Amino acid sequence: MNVTALSVAALLLATGCSTYAEDSLAELIAEAESNNAQVLAAEHSWRAATYVARQMTALPDPQFMLQQFSVGSPRPFAGFTNSNFAYIGFGASQELPYPGKLRLKGQVAKRQADTERAQAGALRASIAEQVKTAYFHLAYLQQTLTVLERSGATLKRLADSELSRYRVGQGSQADVLKAQLEHTKLLREITMHHAEMAEAQADLKLLLHRGQESPDIAARSLTATTLSYSASELLALVRERNPAVQTMAMALKKQDAQLQSAEKGGKPDFGLGYMFQQTGDAYRDYYMLTFNMTLPRRQRIHAEIAEAAELQSRAKEELDAQLRQQRAEVQKQYVAASSAAELLTEYREGLIPQAEAAFRAELTAYQSNKEQLSSVLVSLNEMLSIEREREQAVLDREIAIARLETLTGAILR
């Protein structure tokens, strides 16, 4: 049996270097923000909303009129030379809303554009978080695949060694079959692992707006990030930087402007018109100036004000609920990140060294014919399981920190 090869393979289970051409997470996030179709659509929606205020603050379209008044016959210009009632009229009119109405409507439109911008920012942050999560998951799969492949190589050497021992009458057929079965199980798991990596690649390429036939993405090695913020510091950032809270705050400002506009709606609107009426050469021309005033119905205005006030109250409650919800989520993710850090300390300082030592002891005893192969396989599987759990803890911590970055708007890595 190649004892040296077995020992080296065992010690490499928890370590190893990657042969991937690694992609930078920051570059992938920037690519997603530039190319993701959802982000681009949201930004177009926001830019479109910025033009509404100009429309709302413009005066109503002026009207130009041409009149022809006949006398004695429906024919055009009938009576124009023999009646002072026949004329050709030229006029114009303009509606004039009460001062301040258009400005307030423009404020409502501007606040709506601000809300659209906040929504686009929230979507951009969400896409960035999804890219981070998919990237970290891919890194986790790459690292655990390396562990699985090295474990598979160790199992194959054990199976080959036990087969050699069996041929010279020192081993048992049952141990040979057991080692081969464990190796086959691991090969099946590696196959499933490849399928899971393919799914992660597809999800990440979708977020980046890349073609599915494009080259695969390789993530950098996943390492635990040190979190330098306290829970109270992170909670304090939510009100000012959380995308969802900012969106609700913009919606509240819009409703404030909407209420002011509804209250101003009770003021009257005006209209101004002028017409010149040209008669025949033997008669005097006519000049007409008109001024009108439109009085809004109180019932409608009161209903609009009441509606705007209720929507304003709803926006306040939604903002408060969103703020509390986002703070609760920050607390949960902080606890998750802290718990993962504690687990990693336990794995690093206790479980992994103990598992490696136990495997080396079982392997030495097996080489000295003091233990059965089954004990070595059990120890190897335990070490593999602990190593994968450690990688899962790193993944959980990085995902929690990515979520905290979205919730607080802070850069934590």
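Small disclaimer: the values here were computed from a predicted structure and weren't measured.

Cut-off values and rules
Residues numbered from 1 in each chain as written. Predicted model: local features only at pLDDT ≥ 70, side-chain atom pairs only at ≥ 80, totals over all residues. Heavy atoms only, no water. Helix = DSSP H or I, 4+ residues; strand = E, 2+ residues; numbered from the N terminus. Buried < 20%, exposed > 50% of the residue type's maximum accessible area, 1.4 Å probe, protein only. Contact = heavy atoms within 4.5 Å. Areas by Shrake-Rupley, 256 points an atom, 1.4 Å probe, with all protein chains shown as cover. Phe/Tyr/Trp six-rings, centres within 6.5 Å; stacked < 30°, edge-to-face > 60°. pLDDT = per-residue confidence, 0-100. Pairing = 2+ DSSP bridges. Axes fitted to C-alpha atoms, helices over the stretch in contact; angles between N-to-C directions. Parallel < 35°, antiparallel > 145°, perpendicular 65-115°, else oblique. Nonpolar A, V, L, I, M, F, W, Y, C, P; charged D, E, K, R; others polar. Core = buried A, V, L, I, M, F, W, Y, C linked by side-chain atoms within 4.5 Å. 1 Å grid on protein atoms, 1.4 Å probe; cavity = no way out; pocket = protein on both sides within 12 Å on 5 of 7 lines; lining within 4 Å. Points joined across faces, edges and corners; volume = space filled by probe spheres on them. Salt bridge = Lys/Arg side-chain N within 4 Å of Asp/Glu carboxyl O. Arc of directions from axis to C-beta. Polar contact = N/O pair within 3.5 Å; in protein donor to acceptor, adjacent residues only side chain to side chain.

Enquirer: Where do I start with the overall build of the protein in this structure?
Expert: When you go through the protein residue by residue, the secondary structure sums to 10 helices and four strands. Reading the secondary structure of the protein in the N-to-C direction produces α-α-α-α-β-β-α-α-α-α-β-β-α-α. Buried positions account for 39% of the 413 residues belonging to the protein. Taking as baseline every contact in the protein between residues at least 6 positions apart, the subset at least 24 positions apart corresponds to 80%. For the protein, the accessible area works out to roughly 23100 Å², and carbon and sulfur atoms hold 53% of it.

Enquirer: So what exactly am I meant to see when it comes to the packing of aromatic side chains here?
Expert: To describe a pair of aromatic rings, you give the distance between the ring centres and the angle between the ring planes. Under the defined criterion, the tally for this structure stands at six aromatic pairs. Seen in terms of ring centroids, F77 and F80 are 6.3 Å apart; in terms of plane orientation they differ by 90°. Their pairing is edge-to-face. Taking relative accessible area as the criterion, F77 reaches 46% and is therefore assigned partly exposed. Given the relative accessible area of 19%, F80 is considered buried. Their ring planes at 20° and their centres at 5.8 Å tell us that F270 and F291 sit as a pair that is stacked. Taken together, the residues F270 in strand β3 (residues 269–278) and F291 in strand β4 (residues 286–294) connect sequence positions 21 residues apart. Counting every residue linked through ring pairs, the aromatic cluster contains Y98, F270 and F291.

Enquirer: Just checking my understanding: could you explain the confidence of the model for the protein for this structure?
Expert: Low-confidence regions, as indicated by low pLDDT, have predicted coordinates that should not be scrutinised in detail. Averaged over all residues, the pLDDT of the protein is 86; the fraction at 70 or higher stands at 90%. A low-confidence stretch, residues 1–20 (pLDDT under 50), is modelled with 34 contacts involving residues beyond four sequence positions or located in other chains.

Enquirer: What should I look at first to understand the sheet that holds β4 in this one?
Expert: Sheet strands associate in pairs through backbone hydrogen bonding, adopting either a parallel or an antiparallel arrangement. Taking strand neighbours across the sheet as the criterion, the four strands line up as β1-β2-β3-β4 in an open arrangement whose pairing is antiparallel. Only two strands of the sheet have a single partner each, and these edge strands are β1 (63–69) and β4. Each strand axis lies, on average, 20° off the axis of its neighbour in the sheet, ignoring direction. In the sheet, strand β2 (residues 87–96) pairs with β3 via nine bridges, with the strands oriented antiparallel. Bridge pairing in β3 places A92 opposite Y274.

Enquirer: Honestly, the packing of helix α7 (residues 231–241) against helix α8 (residues 243–264) in this entry has me stumped. Any pointers?
Expert: In helix packing, the relevant descriptors are the interaxial angle and the interaxial distance, both defined with respect to the helix axes. It is at 7 Å that the axes of α7 and α8 come closest, and there the two elements cross at 40°. It follows that α7 is oblique to α8 by the angle criterion. In this structure, α7 uses V238, R239, E240 and R241 to contact α8, whose residues at the interface are P243, V245 and Q246. Residue classes in the contact of α7 with α8 are distributed as three nonpolar, one polar and three charged.

Enquirer: What should I look at first to understand the nonpolar core in this one?
Expert: Grouped together as the largest cluster of nonpolar side chains are 49 residues, with contacts concentrated most on V131 and L158. Secondary-structure elements contributing two or more residues to this core are α2 (25–35), α5 (101–167), α6 (173–208), α9 (298–367) and α10 (373–408). Of all the elements, α5 adds the most residues to this core, at 15 residues.

Enquirer: I keep staring at the packing of α7 against α10 and nothing clicks. Help me out?
Expert: Between α7 and α10, the shortest axis-to-axis distance is 7 Å and the interhelical angle comes to 45°. The angle between the axes of α7 and α10 places the two elements in the oblique class. Where α7 abuts α10, its residues L234, L237, V238 and R241 lie against L404, L407 and T408.

Enquirer: Just checking my understanding: could you explain the layout of surface pockets for this structure?
Expert: Empty pockets left among the atoms are what a rolling probe the size of a water molecule brings to light. In this model, the largest pocket occupies a volume close to 610 Å³. In this structure, the largest pocket is lined by 34 residues; those nearest its centre are E95, P97, K101, K105 and D269. For the lining of the largest pocket, the secondary-structure elements that each account for two or more residues are α4 (52–57), β2, α5, α8, β3, β4 and α9. Take the lining of the largest pocket: its biggest share by element is six residues, from α9. Here the residues of the lining of the largest pocket sort into 14 nonpolar, 12 polar and eight charged. Elements represented by at least two residues in the lining of the second largest pocket include exactly α2, α5 and α10.

Enquirer: Is there a simple way to think about the pattern of salt bridges in this case?
Expert: Side chains that carry opposite charge are capable of pairing whenever their charged atoms lie near each other. All told, the structure shown has 17 salt bridges when counted by the stated rule. K101 is the partner of D269 in a salt bridge, and the nearest nitrogen-oxygen pair spans 3.0 Å. Of this pair, D269 sits in strand β3 while K101 sits in helix α5; the two residues are 168 residues apart in sequence, bridging distant segments of the chain. Residue R117 pairs with D114 through a salt bridge whose shortest N-O separation is 3.7 Å.

Enquirer: Would you mind showing me how to read unusual backbone geometry here?
Expert: For F77, which is not a glycine, the phi torsion comes out positive at approximately 65°. Secondary-structure assignment places F77 in the loop between β1 and β2. Even without being glycine, H209 reaches a positive phi, approximately 65°.

Enquirer: I tried to follow α2 on my own but got confused; where do I start?
Expert: Note: α-helices contain 3.6 residues per turn, so residues at a spacing of three or four share the same orientation. For α2, the set of buried residues is L25, L28, I29 and A32. Considered in projection along α2, the buried side chains sweep an arc of 100° and stay on one side of the axis. Among the exposed residues of α2, those pointing more than 90 degrees away from its buried face are A26 and E27. The N-cap residue of α2 is S24: its side-chain oxygen and the backbone nitrogen of A26 are 3.4 Å apart.

Enquirer: When you look at the side chain of S83 in this model, what are you seeing that I'm missing?
Expert: By the element assignment, S83 lies in the loop between β1 and β2. A distance of 3.2 Å separates a polar side-chain atom of S83 from the backbone nitrogen of F85. What S83 contacts, discounting residues up to four positions off in sequence, is V71 and Y283.

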